[in-house]
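Each chain, letter by letter, is given below.
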Amino acid sequence: MIHKPKLGIQGPVVAWQDPWDGDASDRIMRTGTGSIVPSQDSKPAPKAFLSMLRGLEADFYVHHMLPGGQGYSELITDIAEADMDICLGNEYGNINGPWVEGTNRYDVSDEDMLEAARSGRCIGLLYDEPEHLQINAGQYRKDGWFPHWGSTDGLDLQQSREAVERSVEERVRHVQNLLERSGYARNSMPLLSEHVFPTSYHTYARAGMDICPKIMKESFQSLQLSTALGAAKQYGRSMWICADLWGPDTGAWFTRFPGFPGHSPEEFASALRMGYLMGPSHLFVENVDVLMKHTSGGFVTTEFGDVWQEFVRRFIPEHPLHWHHSQAEADIVVIHSDDSNYGQNKWLFGNRTMDTADVTLSESVFAIWHLLSRGAIPAHGSCMHIPGYSFPRHELKRNVPLDRFPLEGGYTGGERQPVHPLFYPVHNVVAYDHHVTAEQLGKPKLTLVGGSSLSAETLKAVTKRAENGGVVVIGEWLIPDDGPADWKKSGPMGFGRWIVTGDFLDSRVKEEVEPYLGEENCWMQRFGTTEIRMTPNGSGGFALDFEIHSLHR
């Protein structure tokens, strides 16, 4: 059976005005850059815009709602007539308001949801970077500290996680109940959690959201995807993928805005293939601005648009998927409590009053990924928004006035080298949270258990895994004081080994895990009987080569 992900494209943010409500586009901030950016190209007619998307073979359009704008009914009608689907996003409302009381979150109104439902073409409600806006509550809203799903100040880490989970559950239930009361399928409009940081996937999936990792952006790709794959599999959720062209780098490529795109056409081509081969349910690009220009003669592709066309017209037909993301099978499992720490080491789940001991324990997962990537992923964070990274786009922003954009030939005046490769080697890793059961865990050869806390059920599952022949490395702080004596010391356990450590980068731990780390220059992910092997194409790992192996067991 062949699985083909649905393909989508997100609307413009700086290239041209919204085709259905042009004036509103230029009255609000459509990017997270902190300023209103005037549109660069002329506004296309709605039908011309949709014809362009169809020409790019998009199955759906990701449309961020314009709060208080006009033209929404016409948009929904035009989408249906174009035989396309639509996903409604909340980014513009997050940036500009209106916000749900006590939060920095914009929710699509019940009336707008039902109008989209009546069309039969709305496939989801996209929540833009909710993990980011829960943690960094002051990113957009400046009149106070209002985390995305509500305040967590005064709670401990576990209580903070549970408070966020309850708030997400309430929103999921509200949408489901609204649809059901109105005669629509309860799950026909799933809520999607789109993440820039590899945190909170499991919390939101547990609460009922489908998940959508961003690739490219400023992520360590293998860590991002292994974590998302684990959350989707553990909680039975769909996994969308957003190929986000915003990023840190500059180069001799068509550039709309500093950091947009912040990745080369070659990296984009590899990222699309990488994302597709993960077997997602949906794959879309953020944003159309980079793929197309709107001129007096109509739409023309950029070099990035050419990459997209090659992907949809040649690569996909030549590489049909006989697997799905839910079939991910791990040789190595990472288990860690979902602590929402990506290396900022503060404001976990938006909490400004948290005990520093909880924060310190949450950092243990960084050492695990450093170990599994043979040192390629830093030991002090899980994305590039941590100390040690200086983005070339900052120099572009300082040196080139905004009225000179777009830059047809890009920017090559900087001295900083690109900082965002795609390649970080890990060997068939999937990450679960601290509620994973023995059945969900399966039979990995190596299991590493970190984070700040661990459920009794999961502790029992990992001891059983060691007894049945696996190697388990576990943080000593996760062993209960009243547990059996053999849980507190390293050594044989049944047919396997049980390693207790206070430091995942200890030389003894490195010696134990070395046989399981795979090839030094390969990132491998397995889905059922299919093995995807990714290796760097050229120096630096900014592009990838792919090998697809079918395993006969």
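In this report, we go over the structure that sits alongside the text. (Residues numbered from 1 in each chain as written. Predicted model: local features only at pLDDT ≥ 70, side-chain atom pairs only at ≥ 80, totals over all residues. Heavy atoms only, no water.)

A look at the overall build of the protein
Keep this limit in mind: A helix here means a DSSP run of H or I that spans at least four residues, while a strand means a run of E at least two residues long, and both kinds are numbered starting from the N terminus. Values of the radius of gyration come from C-alpha atoms, whereas the globule rule sets the reference at 2.2 Å times the count of residues to the power 0.38. Contact definition: two residues touch when any of their heavy atoms are within 4.5 Å. Each accessible area value is a Shrake-Rupley result obtained with a 1.4 Å probe; residue values ignore everything except the protein chains displayed when judging cover.
Check the secondary structure of the protein and you find 18 helices and 20 strands. For the protein, whose C-alpha radius of gyration is 23 Å, the value lies close to the compact-globule estimate of 24 Å for 553 residues. Over its C-alpha atoms, taken along the principal directions, the protein stretches across nearly 75 × 50 × 50 Å. Partitioning the intrachain contacts of the protein with sequence separation of at least 6 by distance along the chain shows that 74% fall at a separation of at least 24. Total accessible area on the protein stands at roughly 20,300 Å², and carbon and sulfur atoms take up 47% of it.

So, the sheet that holds strand 16 (residues 491–493)
Quick note on the threshold: Strands are treated as partners if at least two bridges between them are detected by DSSP. To obtain an axis, a line is fitted to C-alpha atoms, over the contacting stretch when the element is a helix, and the angle between two such axes runs from 0 to 180 degrees between their N-to-C directions.
Strand order across the open sheet formed by six strands is 13-12-14-15-17-16, with mixed pairing between neighbours. Whereas interior strands pair on both sides, the edge strands pair on one side only; in this sheet they are strand 13 (429–432) and strand 16. Taken over all neighbouring pairs, the strand axes of this sheet differ in orientation by 20° on average, direction set aside. In this sheet, strand 17 (residues 496–501) lies alongside strand 15 (residues 471–475) in parallel orientation, the contact comprising five bridges. Across the sheet, residue Val471 finds its bridge partner in strand 17, namely Arg497. Where helix 17 (residues 456–467) meets the sheet, its contacts fall on strand 12 (332–336), strand 14 (446–450), strand 15, strand 16 and strand 17, and the angle it forms with strand 17 comes to roughly 130°.

Comments concerning helix 2 (residues 46–55)
Heads up, the rule is: Each residue's exposure class comes from its accessible area (1.4 Å probe, protein chains only) as a fraction of the maximum for that residue type: buried when under 20%, exposed when over 50%, partly exposed otherwise. Throughout, the arc means the angular range of directions from the helix axis out to the C-beta atoms.
Burial in helix 2 covers these residues: Phe49, Leu50, Met52 and Leu53. The buried residues of helix 2 occupy one face: seen down the axis, they fall within an arc of 150°. Of the surrounding secondary structure, the elements contacted by the buried residues of helix 2 are strand 1 (6–10), strand 2 (60–64), helix 3 (72–81), helix 11 (288–291), strand 9 (292–295) and strand 10 (298–301).

Brief notes about the sheet that holds strand 19 (residues 530–536)
Taken together, four strands build an open sheet; the order of strands is 11-18-19-20 and the sheet is antiparallel. The open sheet has two edge strands, strand 11 (328–329) and strand 20 (544–550), and neither has a second partner. Direction of pairing for strand 11 relative to strand 18 (residues 523–527): antiparallel, over a ladder of two bridges. Bridged to Ala328 within strand 18 is Phe527. Against the sheet, helix 9 (residues 221–235) touches strand 11 and strand 18, its axis set at about 20° to strand 18. Of the strands in this sheet, strand 18, strand 19 and strand 20 touch helix 10 (residues 265–277), which is tilted by about 25° from strand 20.

Some thoughts on the packing of helix 2 against helix 3
Short version of the rule: The scheme is simple: roughly parallel for angles under 35 degrees, roughly antiparallel for over 145, roughly perpendicular for 65 to 115, oblique for anything else. A clockwise turn of the near helix away from the far one marks a right-handed crossing, whereas an anticlockwise turn of less than a right angle marks a left-handed crossing. Amino acids outside the nonpolar list (Ala, Val, Leu, Ile, Met, Phe, Trp, Tyr, Cys, Pro) and the charged list (Asp, Glu, Lys, Arg) are all regarded as polar, and Gly is one of them.
Axis separation between helix 2 and helix 3 bottoms out at 11 Å; the angle between their running directions is 40°. With respect to their mutual orientation, helix 2 and helix 3 come out oblique. As for the relative orientation of helix 2 and helix 3, their crossing is right-handed in sense. The segment helix 2 lies against helix 3, with Pro46, Lys47 and Leu50 engaging Asp78, Ile79 and Glu81. Partitioning the contact of helix 2 with helix 3 into residue classes produces three nonpolar, no polar and three charged.

Here's the deal with unusual backbone geometry
Put simply, Gly97 and Pro98 share a cis peptide bond, and its omega is 5°. Here Pro98 shows up in the loop between helix 4 (91–96) and helix 5 (110–119). Here Glu286 and Asn287 are connected by a cis peptide whose omega angle stands at 10°. In this structure, Met216 takes a positive phi of about 65° despite not being glycine. Among the secondary structure elements, Met216 is positioned in strand 6 (residues 210–216). Residues other than glycine seldom take positive phi values, yet Ser340 does so here, at roughly 65°. Secondary-structure assignment places Ser340 in the loop between strand 12 and helix 13 (356–362).

Points about the state of the cysteines
Put simply, the test is: Counting rule for disulfides: a pair of cysteine sulfur atoms within 2.5 Å.
For the structure shown, the criterion picks out zero disulfides. Considering cysteine sulfurs only, Cys212 is the nearest to Cys242, which forms no disulfide, with 5.4 Å between them.

As for the packing of aromatic side chains
Inclusion rule: Only the six-membered ring of Trp is used, alongside the rings of Phe and Tyr, when aromatic pairs are assigned; centres must lie within 6.5 Å, and planes under 30 degrees apart are stacked while those over 60 apart are edge-to-face, with the rest tilted. Remark: a charge is flagged as sitting over a ring if the NZ atom of Lys or the CZ atom of Arg is within 6 Å of the ring centre and within 35 degrees of the ring normal.
Applying the stated criterion across every chain, the model contains 23 aromatic pairs. In this structure an aromatic cluster arises from ring pairing among Trp16, Trp20, Phe49, Tyr61 and Phe299. Cation over ring: Arg141 sits above Phe146, and NZ or CZ is 3.9 Å from the ring centre. Over the ring of Trp347 we find Lys346; its NZ or CZ atom is 4.2 Å from the centre of that ring.

Brief notes about helix 9
This is how the line gets drawn: Each helix should span, by expectation, one fewer than its residue count multiplied by 1.5 Å.
In a regular helix each residue adds 1.5 Å, so 15 residues correspond to 21 Å; helix 9 covers 21 Å between its end C-alpha atoms and thus fits that length. With 14 of 15 residues buried, helix 9 lies mostly within the body of the structure. Where helix 9 ends, the next residue or the one after it, Gly236, has phi of about 65°, a positive value.

Quick look at the pattern of salt bridges
Rule in force here: The salt bridge definition used is simple: a Lys or Arg side-chain nitrogen within 4 Å of an Asp or Glu carboxyl oxygen.
As enumerated under the stated definition, the model contains 30 salt bridges in all. Between Glu194 and Lys214 there is a salt bridge, with the nearest N and O atoms lying 4.0 Å from each other. In this pair, Glu194 sits in strand 5 (residues 191–195) while Lys214 sits in strand 6, placing the two residues 20 residues apart along the sequence. Each member of the pair, Glu194 as well as Lys214, is classed as buried. Between Glu318 and Arg314 there is a salt bridge, and its shortest N-O distance comes to 2.9 Å. Separated by four residues within a single helix, Glu318 and Arg314 lie in helix 12 (residues 303–318), roughly one turn from each other. With a relative accessible area of 48%, Glu318 lands in the partly exposed category. Connected through shared salt-bridge partners, Asp128, Glu129, Glu194, Lys214, Asp244 and Glu286 make up one network.

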